[in-house]
Amino acid sequence: MKDSSVVLLDHVSKIYPTAKGEFYAVRDVTIEVQPGEFYSLLGSSGSGKTTTLRLIGGFEIPEYGQVWISGEDVTTLPPYRRNVHTVFQSYALFPHLTVAQNIAYPLVIAKVPKAEIAPQVEEALRMFQITGLGDRRPSQLSGGQQQRVALARALISRPKVLLLDEPLSALDAKIREEVRQELRALQRQTNLTFVYVTHDQEEALALSDRIAVMHNGQVEQIGSPKTIYNRPASLFVAQFIGKANFFTGEVVAQQADLLQVNVAGTLVKATAPTHTPVLGETVTLMIRPEQVQIRAAEVEPNPRLTQISGKTTAVTYVGQLLQIQIETAVGSLMATQLSGSDPAGAVTLSWTADHCIVISPSE
């Protein structure tokens, strides 16, 4: 792993002393980031994601475990001895320097000849679409422009790893989406390794090659956005990522990968991708709202299809989508569909077993 990965955290723990004893900000975390990967650390406030980033950057030293960058043990090295660069949430631009001087700063520190600095700065200004702003001060720029300057400064020296700590959180929604698209395009264009911290699940799903979902200082699940969303490994991940319907029942039959679960007297068909339950076990099922089909009447029975009658209780317009709440025998369920005619009154809900999954209780 040390030779193939550009970043490796090997069973790393970070402990802070408190009045009540030791507090593990990060506990026994192991993550491996491959060259050219866009890797996100996703979690809510206090989950340990920023501390994990600071351990990679050298701003924190772990009590246990090792930090490797490009096969080198950098566990105790200071930030300036690691071939990484960090873009902070506050951008950390020098207010007394111009945009061009801010971008050139890493090259100046590295003692790159002056004749080579100017063309590199001009190329960075062009790449980040801030040509013509080189003589301005940071205070004369918009939030989106400041973000571009911070990224240009971070990337001009071509670090092995770029660390980004909630870099878009200070931008408004429209600018954030624009810069997000630019950031992903830039990462693909440069093929640099990005480690990205965010609490925004949509942002992580849109940007990442892989995501590490963190909770209480530990990694709950690592996987592609598709895997994290469709096959959550724990109830926490299922509840944290996106919207979902949950219900609890008892396993009453199993044939190959198909389970039948008794939920409040209704047989629900499901699969168990991460946990194989036994007969009689009480399990939690999850199905995403977009996988729930709303029909006017029942369709031809299918061995893998669950159909439940219900009554629409609320319809909410969310742009192009309708969020629909339906009361059923297994509880209140949510479905989403493209805006159109409202499914009022009595309806039939259906879904396939492949989309209704058992959530592992052991994670």
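These numbers come from a predicted model, not from an experiment. (Residues numbered from 1 in each chain as written. Predicted model: local features only at pLDDT ≥ 70, side-chain atom pairs only at ≥ 80, totals over all residues. Heavy atoms only, no water.)

Observations concerning the sheet that holds strand 15 (residues 293–295)
The condition that has to hold: Whether two strands pair comes down to DSSP finding at least two bridges between them. Only DSSP runs of H or I with at least four residues qualify as helices, and only runs of E with at least two residues qualify as strands; both kinds are numbered from the N terminus onward. To get an axis, fit a line to the C-alpha atoms, keeping to the stretch in contact for a helix; angles then go from 0 to 180 degrees between the N-to-C directions.
Read from one edge to the other, the open sheet built from 5 strands follows the order 15-19-16-17-18, with strand pairing classed as antiparallel. Edge strands, defined here as strands with exactly one partner in the open sheet, are strand 15 and strand 18 (331–338). Ignoring which end each strand starts from, the neighbouring axes of this sheet average 45° apart. With 8 bridges joining them, strand 17 (residues 321–328) and strand 18 adopt antiparallel strand pairing. Considered in strand 18, the bridge of Glu327 is made with Ser332.

Focus on the packing of aromatic side chains
Cut-off, in case you're wondering: Think of it this way: a Phe, Tyr or Trp ring, Trp meaning its six-membered ring, pairs with another when their centres are within 6.5 Å, and the plane angle makes it stacked under 30 degrees, edge-to-face over 60, tilted otherwise. Two limits define a charge over a ring: the Lys NZ or Arg CZ must be within 6 Å of the ring centre, and within 35 degrees of the ring normal.
The full count for this structure, using the stated rule, is 6 aromatic pairs. Counting every residue linked through ring pairs, the aromatic cluster contains Phe38, Phe194 and Tyr196. When the ring centre of Tyr24 is taken as reference, the NZ or CZ atom of Arg27 above it lies at 3.8 Å. The residue whose ring lies beneath Arg288 is Tyr229, and the NZ or CZ to ring-centre distance is 4.1 Å.

Observations concerning the pairing of strand 6 (residues 84–87)
Just so we agree on the cut-off: Burial classes: relative accessible area under 20% of the type maximum marks a residue as buried, over 50% as exposed, and values in between as partly exposed (1.4 Å probe, protein chains only).
The side-chain alternation of strand 6 yields two buried faces, one formed by Val84 and Thr86 and the other by His85 and Val87. As judged from the 4 bridges shared by strand 6 and strand 7 (residues 161–165), these two strands associate in the parallel manner. Residue pairing across strands places Val87 opposite Leu164, the latter belonging to strand 7.

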